[in-house]
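Each chain, letter by letter, is given below.
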Amino acid sequence: MYDSPSLETKVTDKAIKIAAQNVQVFYGDTHAIKDVNVQIQDKTVTAFIGPSGCGKSTFLRCLNRMNDTIDICRVEGDILLDGEDIYDKRVDPVQLRAKVGMVFQKPNPFPKSIYDNIAYGPRIHGLAKSKADLDEIVEKSLRRGAIWDEVKDRLHAPGTGLSGGQQQRLCIARAVATEPEVLLMDEPCSALDPIATGQVEELIDELRDSYSVVIVTHSMQQAARVSQKTAFFHLGNLVEYGETSQIFTNPVDSRTESYITGRIG
Amino acid sequence: MTDATASGVPAGKHTSGSLLEQSPRTKRRNASEARFRFYGMAAVGIGLVFLVLLLIAIVRNGVPAYTQTFLSLPIELKAEALDKNGNRDLEDIRKVSTFGYNPLLDEALLRVVADNGIESDYSGADLRKMISSSAAAQVRDYVLTHPAQIGETVEFRVLASSRVDGYLKGRVLREDLERDKNLDAAHLDIIDVLKDAGAVTRTFNWAFIFGADASESRPEQAGIGVSMLGSLFMMIVVLVLSLPIGVAASIYLEEFAPKNRWTDLIEVNISNLAAVPSIVFGILGLAVFIQFMHLPQSAPLVGGLVLTLMTLPTIIISTRASLKSVPPSIRDAALGVGASKMQSVFHHVLPLAMPGILTGTIIGLAQALGETAPLLLIGMVGYIASNYPDGVASGFLDPNSAMPAQIYEWAKRADPAYYERAWGGIIILLLFLMTMNIIAVILRRRFERRW
């Protein structure tokens, strides 16, 4: 464990949501993730940072088994969600993904109406008993996604017609609509302009009240702005994990310091 | 040609000199580009010229098949010839074969010739060479359906013989008739007079589009309608079988199947199947469907099965291509909100791939519609001379022909009148293919990618 004693006690008393133990990931013969141990807290924003190709996205995709869709990918070790191993044979990845929602790098709304984009998840999971129920879920989700006011008059317009930032917030609202417990975000702002980025970051901060949010980001400033915990990945290793303020001001590992000061990556 | 560096211009000169004048190197590059453009335009031009020539040839040769020459003939339906007992009993009337009608036709022809003031020493049988041998059957059919008309004089529009028809279309010349046993120049003189008198007319020939094939000696009677029906039945079989099988196979291979040596092998073989000559499918169909499974010969069902084998690779390849072109982000999005693999495919990927799938299917069908060689091998060249519904061309298991096979049959026959009909059939076939391709284009436009 690279976890260092934290300087602030404010966030450490929260429950552990996801615990990863000795996780290894292989792409064919490539050892992409090496022996990662990390404990992700509930109601916290955890940022994964690191240079390109360091495995942070790969590790994120292990948390809701999105890597299952890649044939050559193999995951070893244990990842426990609320104490249950998500790689257990009995776990259906579909059920897992309903609990662990995901937002992707590029906004990817379905080429359907805004309403249908949000309603799709609740529909397939049977969360709404009636049309009125569904309407309520859609409104609630869009409000959570901080996009309700912009789209409430055109819920039946195509979701692909929105601007990039709106699309990404729509995707967040879509992820929220299935009532997940964890929200994974894979560089959610990398395709957005600074204004849209600001809106999404603000939203992420609000989402912290209800979910455990894990965000992969290229931008150290973003990690510093939105996260309470930060994990630094380098060449497939989890180099350092701790309070964001501590990682950025007083890193323990020399590699972390080199990366933060811009000497590597 | 495009690589100017290969030429022997000394290097290092481009830094100096005015921008307002082209360096020799630039000139050379521009000249080579201009040359290439010219080659490209020439290639396109040659292609266009051939296309135009083809279209002109088809229209010039094929359009005459759509008109046909008729002779108006008032025929006295004599009771003593048609109903000897005089009791109008249908059984008795039926006993008179078409031969029994020939004297009536002869008489009517002689009268028409005399009425128009033509001097001719032809007998009635000689004059009968001017009209189609289908005329007697036409009159007999009329009498059988209208027995009450016996004894009256009825005006018939009988088909002129193919020689007369060809003469009026400019296909048969007087010189040609010197060696012709069927018709003499004197016949043509009679036709000229009758034409001026309005008894011989050329009108649009619906029977060519909707009619059945006719015997070798009656090209004027032949139509493509029945083989169109055969093609339709085959296309139904092809569509019903190849669309679901093809789409299911592609979805499985593209979305669900593991990528290993077996699926690679299958993939390569599907691509290879698309390139297998159609006649190979024909002999396969002959061996499997007819000789082994004992399905009837000449049946649209067998034709459809063979064409399905041919169309499947086309549909699978185009379906896989359109599934592949759906961005993976859509699949991720669906999986990310907890959709199962199948839900993500059927709710999101398939609808987006639909225009491509439909286009591929229609192109595949169009290909199958024009396919001839395998049909020859399984006997889809049935000679059907009677029209639906009393004919045999009524179902999937009844003998039939198909449009391209019918065209091939016509082109094979000796009479030049059949050659004309082969071209006419080509026009219909091309119209069908064009319609299908236009539908494919419209579908593509209508469901243009929306992401």
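These figures come from a predicted structure and were not determined experimentally. Here, residues in each chain are numbered from 1, in the same order as that chain's written sequence. Lettering for chains starts from A, numbering for ligands starts from 1, and both go in the order in which the items are written. Per-residue local features are limited, in this predicted model, to residues with pLDDT of at least 70; the limit for side-chain atom pairs, both in listing and counting, is 80 or more; totals at the level of whole chains, interfaces and linings are taken over all residues. Only hydrogens and water are removed before side-chain values are computed, so all heavy atoms of the structure are retained for them.

Asker: Looking at this structure, I do not really get the pairing of strand E3 (residues 45–49) of chain A. What am I missing?
Answerer: A regular strand places its side chains on the two faces of the sheet in alternate fashion. Residue and element names in this part refer to chain A. Buried residues are those whose accessible area, probed at 1.4 Å on protein chains only, stays under 20% of the maximum for their type, while exposed residues exceed 50% and partly exposed ones sit between those limits. Where helices and strands are cited, they refer to DSSP runs of H or I of at least four residues and of E of at least two residues respectively, numbered from the N terminus. Across the five residues that make up E3, a large majority, five, are buried. Here E3 shows a buried face lined by Val45, Ala47 and Ile49 and a second buried face lined by Thr46 and Phe48. Should DSSP find at least two bridges between two strands, the strands are taken to pair. Taken together, the four bridges between E3 and strand E8 (residues 212–216) define a ladder with parallel strand orientation. Considered in E8, the bridge of Val45 is made with Val213. Relative to strand E9 (residues 229–234), E3 is paired through four bridges, and the arrangement is parallel. If you follow Thr46 over to E9, its bridge partner there is Lys229.

Asker: Looking at this structure, how should I read the domain arrangement of chain B?
Answerer: Accessible area lost upon the coming together of the parts serves often as the stated size of an interface. Residues and elements named next belong to chain B. Where each domain begins and ends follows an automated or database-derived domain assignment. Per the domain assignment, the segments making up chain B are domain 1 (67–204) and domain 2 (225–446). Here the C-alpha centroids of domain 1 and domain 2 sit 46 Å apart. On the domain 2 side, the residues contacting the six residues of domain 1 number five residues. Accessible area that two parts lose when put together, evaluated with a 1.4 Å probe and summed over both, is termed the buried area. Summing the contributions of domain 1 and of domain 2, the shared interface buries around 380 Å²; its carbon and sulfur component is 31%. Salt bridge, as applied in this entry: a Lys or Arg side-chain nitrogen positioned within 4 Å of an Asp or Glu carboxyl oxygen. At the boundary of domain 1 and domain 2, one finds three salt bridges. Residue Arg171 pairs with Glu420 through a salt bridge whose shortest N-O separation is 2.9 Å. Looking at the side of domain 1 that touches domain 2, the element that brings in the most residues is helix H7 (residues 162–168), giving three residues. Each residue is assigned to one of three groups, with Ala, Val, Leu, Ile, Met, Phe, Trp, Tyr, Cys and Pro labelled nonpolar, Asp, Glu, Lys and Arg labelled charged, and all others, Gly among them, labelled polar. Along the lines of polarity and charge, the residues of the side of domain 1 that touches domain 2 split into no nonpolar, two polar and four charged. Contacts were defined at the residue level, with two residues in contact if any of their heavy atoms lie within 4.5 Å.

Asker: Is there a simple way to explain the sheet that holds strand E5 (residues 84–85) of chain A in this structure?
Answerer: Across a sheet, paired strands are connected by hydrogen bonds in the backbone, their directions being either parallel or antiparallel. A sheet is described by the order of its strands in space; here four strands give the open sequence E2-E1-E4-E5 (chain A), paired in antiparallel fashion. One side of each edge strand has no neighbouring strand; the edge strands of this open sheet are strand E2 (30–41) and E5 of chain A.

Asker: For this particular structure, what's the right way to read unusual backbone geometry?
Answerer: A negative phi holds for most residues other than glycine; trans holds for most peptide bonds. The phi dihedral of Lys43 of chain A is positive, around 50°, even though this residue is not glycine. Here the phi dihedral of Glu187 of chain A falls at roughly 45°; this positive angle occurs in a residue that is not glycine.

Asker: Help me understand the side chain of Ser141 of chain A, please; the structure alone is not making it clear to me.
Answerer: Mapped onto the fold, Ser141 of chain A is located in helix H4 (residues 131–144). Here Ser141 of chain A falls in the buried class, since its relative accessible area comes to 3%.

Asker: Would you mind showing me how to read the packing of helix H17 (residues 403–412) of chain B against helix H18 (residues 416–446) of chain B here?
Answerer: Each pair of packed helices can be described by the angle between their axes along with the distance between the axes. Residue and element names in this part refer to chain B. Inter-axis angles, ranging from 0 to 180 degrees, are taken between N-to-C directions of lines fitted to C-alpha atoms, where helices are fitted over the stretch in contact. Where H17 meets H18, the closest approach of the two axes is 8 Å, and the angle between their N-to-C directions is 160°. Judged on the interaxial angle alone, H18 and H17 are roughly antiparallel. Of the two possible hands of crossing, H17 and H18 adopt the one that is left-handed. Contacts between H17 and H18 involve Met403, Pro404, Ile407, Trp410 and Ala411 from the first element and Tyr418, Tyr419, Arg421, Ala422, Gly425, Ile426, Ile428, Leu429 and Phe432 from the second. To sort the angles, those under 35 degrees are grouped as roughly parallel, those over 145 as roughly antiparallel, those from 65 to 115 as roughly perpendicular, and the leftovers as oblique. The hand of a helix crossing depends on one turn: near helix anticlockwise from the far one by less than a right angle means left-handed, and clockwise means right-handed.

Asker: I'm lost on the sheet that holds strand E1 (residues 67–76) of chain B in this one. Help?
Answerer: Residues and elements named next belong to chain B. As summarised here, the arrangement of the three strands in space is E2-E1-E3, forming an open sheet in which the pairing is antiparallel. The open sheet has two edge strands, strand E2 (153–159) and strand E3 (200–204), and neither has a second partner. Put simply, the sheet's adjacent strands are angled 35° from each other on average, direction ignored. Of the strand pairs in this sheet, E1 and E2 are connected by seven bridges, and their pairing is antiparallel.

Asker: Would you mind showing me how to read helix H10 (residues 225–256) of chain B here?
Answerer: In an α-helix, one turn spans 3.6 residues, which is why side chains three or four residues apart end up on the same side. To estimate how far a helix should reach, multiply one less than its number of residues by 1.5 Å. With 32 residues, H10 of chain B extends 45 Å from end C-alpha to end C-alpha; this agrees with the ideal 46 Å at 1.5 Å per step. Within H10 of chain B, the axis deviates most sharply at Ser242 of chain B, by approximately 25°, and proline Pro244 of chain B lies no more than four positions further along. Note on bend: the value at a residue is the angle between axes fitted to the seven residues ending there and to the seven starting there.

Asker: What is the right way to read the environment of Ile86 of chain A from this model?
Answerer: All names here are of chain A. With respect to the helices, strands and loops of the structure, Ile86 is situated in the loop between E5 and helix H2 (93–99). Relative accessible area serves as the criterion here: at 4%, Ile86 is assigned to the buried category. Residues Ile86 and Ser212, 126 residues apart in the sequence, show an inter-C-alpha distance of 16 Å. Look past the residues within four positions of Ile86 in its chain and what remains in contact with it is Cys62, Leu63, Arg65, Ile79, Leu81, Val91 and Leu96.

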